[in-house]
Amino acid sequence: MVDQNYRWRPQTRTLRDAVRGGRIGRIGSVRYEYCQPITRTTTDAWREQMPHPFLHDMAPHHFDLLRACTGLECQHVMAVGVRPPWSWYKGVPGVDALLAFEQDVSACYAGTMVARGLATPQDGIITVVGEGGTLRLEADSQVRWYGEKGIPR
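Residues numbered from 1 in each chain as written. Predicted model: local features only at pLDDT ≥ 70, side-chain atom pairs only at ≥ 80, totals over all residues. Heavy atoms only, no water.

Draft legend 1. Structural detail: the overall build of the protein chain. In terms of helices and strands, the protein chain carries four helices and seven strands. Order of helices (α) and strands (β) in the protein chain, N terminus to C terminus: α-β-α-α-α-β-β-β-β-β-β. Taking 153 residues into account, the globule formula puts the C-alpha radius of gyration at 15 Å, and the protein chain, at 16 Å, falls close to it. Taking the intrachain contacts of the protein chain between residues at least 6 apart in sequence as the baseline, contacts between residues at least 24 apart amount to 64%. A total accessible area of about 8,400 Å² is found for the protein chain, and carbon and sulfur atoms account for 53% of it. (Helix = DSSP H or I, 4+ residues; strand = E, 2+ residues; numbered from the N terminus. Rg over C-alpha atoms; globule rule 2.2 N^0.38 Å. Contact = heavy atoms within 4.5 Å. Areas by Shrake-Rupley, 256 points an atom, 1.4 Å probe, with all protein chains shown as cover.)

Draft legend 2. Structural context of the sheet that holds strand E7 (residues 143-146). Spatially, E2-E3-E4-E1-E5-E6-E7 is the arrangement adopted by the seven strands of the open sheet, whose pairing is mixed. On the outer flanks of this sheet lie strand E2 (74-82) and E7, each paired with one strand and no other. The sheet shows a mean angle of 10° between the axes of neighbouring strands, taken without regard to direction. Across four bridges, the pairing between strand E6 (residues 133-137) and E7 is antiparallel. Among the inter-strand pairings, Leu 137 is bridged to a residue of E7, identified as Val 143. Set on the sheet, helix H1 (residues 10-20) makes contact with strand E1 (27-35), strand E5 (125-130), E6 and E7; between it and E6 the angle comes to about 165°. Taken strand by strand, helix H4 (residues 59-70) contacts E1, E2, strand E3 (94-101), strand E4 (105-112) and E5, and its axis lies near 155° from that of E1. (Pairing = 2+ DSSP bridges. Axes fitted to C-alpha atoms, helices over the stretch in contact; angles between N-to-C directions.)

Draft legend 3. Seen up close, the packing of H1 against H4. Interhelical geometry of H1 versus H4 gives an angle of 40° and a closest axis separation of 7 Å. By the angle class used here, H1 and H4 are oblique. Residues Thr 12, Leu 15, Arg 16, Val 19 and Arg 20 of H1 form the contact with H4, whose own contacting residues are Leu 65, Ala 68, Cys 69 and Thr 70. Along the lines of polarity and charge, the residues of the contact of H1 with H4 split into five nonpolar, two polar and two charged. (Parallel < 35°, antiparallel > 145°, perpendicular 65-115°, else oblique. Nonpolar A, V, L, I, M, F, W, Y, C, P; charged D, E, K, R; others polar.)

Draft legend 4. Structural view of empty space enclosed by the protein. For the structure on display, the rule yields one cavity of 30 Å³ or more. What the largest cavity holds in volume is close to 30 Å³. Sorting the residues of the lining of the largest cavity by element identifies helix H3 (53-57) and E3 as the ones contributing at least two each. For the lining of the largest cavity, the per-class residue count stands at four nonpolar, three polar and no charged. (1 Å grid on protein atoms, 1.4 Å probe; cavity = no way out; pocket = protein on both sides within 12 Å on 5 of 7 lines; lining within 4 Å. Points joined across faces, edges and corners; volume = space filled by probe spheres on them.)

Draft legend 5. Spotlight on the layout of surface pockets. The computed volume of the largest pocket comes to approximately 160 Å³. What lines the largest pocket is simply Leu 55, Ala 59, Pro 60, His 62, Phe 63, Leu 66, Val 77, Ala 79, Val 95, Ala 97, Leu 99 and Tyr 109. Elements represented by at least two residues in the lining of the largest pocket include exactly H4, E2 and E3. It is H4 that contributes the most residues to the lining of the largest pocket, five residues altogether. The residue inventory of the lining of the largest pocket, partitioned by class, reads eleven nonpolar, one polar and no charged.

Draft legend 6. Summary view of the side chain of Thr 120. Its place among the elements puts Thr 120 in the loop between E4 and E5. Residue Thr 120 is classed as buried on the basis of its relative accessible area of 7%. Those residues in contact with Thr 120 that lie beyond four places of it in its chain are Glu 33, Tyr 34, Cys 35, Gln 36 and Ile 125. (Buried < 20%, exposed > 50% of the residue type's maximum accessible area, 1.4 Å probe, protein only.)

Draft legend 7. Here's a closer look at the side chain of Arg 47. Secondary-structure assignment places Arg 47 in helix H2 (residues 46-49). Discounting chain neighbours no more than four positions away, the residues touching Arg 47 are Ile 38, Arg 40, Thr 42, Pro 53, Asp 57, Tyr 89 and Met 113.

Pasting the structure below:
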């Protein structure tokens, strides 16, 4: 068994329960942003030497979380690796992707392990838009519902 630990955190469970419980009705789209400056070195620098450290180390957690929160399976992925010039990784430490899920739900996903300046929390910022409003896992690890007038609750 592989433990995808992101799905069991209280804030992501709250988001999942609200989405799957119908709080915003039918889902239309999801945005997932993850920006961290991961500078901790690994034994023998295995992560730092990988050709695609982000895809192998971080993205599986995020992809699993998208599936867990929506209850939907991904059908198509279009992605490009991103390696800014300041990267301290030998390989590609980021990705920008568009994902197509079941029920015509689209997702925009962007992640990097070499963020500069602004960083998201470890869970990232996740925004789920539905017919009844928007649910968002914010930077303060709180899930907020934005209704018709855009006022968080």
